[in-house]
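Structural overview for review
Spelled out, the chains give:
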Amino acid sequence: VQLQASGGGLVQAGGTLRLSCAASGFTFDDYAIGWSRQVPGKEREFVAATLRNSGTIKYADSVKGRFTFSRDNAKNTIDLQMINLKSEDAAVYYCAVGERVIASRLSVAAAYDYWGRGTQVTVSS
């Protein structure tokens, strides 16, 4: 399983970024997939995720209305469109997949089987 996140960078507060995650090495549409983020010294925080059928997308309350998650089963990719970025959004963003994730555990990091390396998002004020 390979998960390659990209699109991170430096952006001013209020700006936008679009993250992407390219997946390979497994049957993409059999897995739940999502984004989490982490800052040094803190636990990994759930951002957004979807079940394998793409019918359910869950967002963390902190990003609702600003982040949009999308999944393309034909291209084996997911994207995270982020607008109105805030300083508290700065973190390393990771994509992760899980084969047996159920809706009630979409936001639980331990439910996911594989994690990518992450991409850094820096927000300047």
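See the structure printed just above.
What counts, and where the lines are drawn
- All chains use their own residue numbering, which begins from 1 and follows the written sequence.
- This being a predicted model, a pLDDT of at least 70 is required before a residue's local features are given, and a value of 80 or more before pairs of side-chain atoms are given or counted; all residues contribute to the totals for chains, interfaces and linings.
- As a rule here, side-chain values come from all non-hydrogen atoms in the structure, and water together with hydrogens is ignored.
- Strands here are runs of E lasting at least two residues and helices are runs of H or I lasting at least four, both read from the DSSP assignment and numbered beginning at the N terminus.
- Burial here depends on accessible area, computed with a 1.4 Å probe over protein chains only, as a share of the maximum for the residue type. Under 20% is buried, over 50% is exposed, and the range in between is partly exposed.
- Side-chain atoms alone can form a polar contact between residues adjacent in sequence; in general such a contact is a pair of N or O atoms within 3.5 Å, and within protein one must be able to donate a hydrogen while the other accepts it.
- By definition, residues are in contact when any of their heavy atoms lie within 4.5 Å.
- The rule is short: rings of Phe, Tyr and Trp, with Trp giving its six-membered ring, pair when the centres are within 6.5 Å, and they are stacked under 30 degrees, edge-to-face over 60, tilted in between.
- Only Lys NZ and Arg CZ are tested; either one counts as a charge over a ring when it is within 6 Å of the ring centre and within 35 degrees of the ring normal.
- Only buried residues count toward a nonpolar core, which is a set of Ala, Val, Leu, Ile, Met, Phe, Trp, Tyr and Cys residues joined through side-chain atoms within 4.5 Å.

Mapped onto the secondary structure, R66 falls in the loop between β6 (57-59) and β7 (67-72). What makes R66 buried here is its relative accessible area of 9%. Polar contacts involving the side chain of R66 include one to the main-chain carbonyl oxygen of N84, which spans 3.0 Å. Among the polar contacts made by the side chain of R66, one reaches the side chain of D89 at a distance of 2.7 Å. Dropping the residues within four chain positions of it, R66 is found in contact with Q81, M82, I83, N84, L85, K86 and D89.

Another point: the packing of aromatic side chains. Tallied over the full model, the rule gives 3 aromatic pairs. Ring centres of F26 and Y31 lie 4.7 Å apart, and the angle between their planes is 65°; on these two criteria the pair is classed as edge-to-face. For the pair shown, F26 and Y31 are each scored as buried. Here a set of aromatic residues connected by ring pairs shows up, and it is made of F26, F28 and Y31. A cation over an aromatic ring shows up here: R44 above the ring of W115, its NZ or CZ 4.5 Å from the ring centre.

Moving on: the nonpolar core. Judged by nonpolar contacts, the single largest core of 37 residues is most densely connected at W35, V47, F67, I78, L80, M82 and Y93. For this core, the element with the highest residue contribution is strand β9 (residues 91-98), accounting for 5 residues. Apart from residues no more than four positions distant in its own chain, M82 is found in contact with G15, T16, L17, L19, R66, F67, Y93 and V121.

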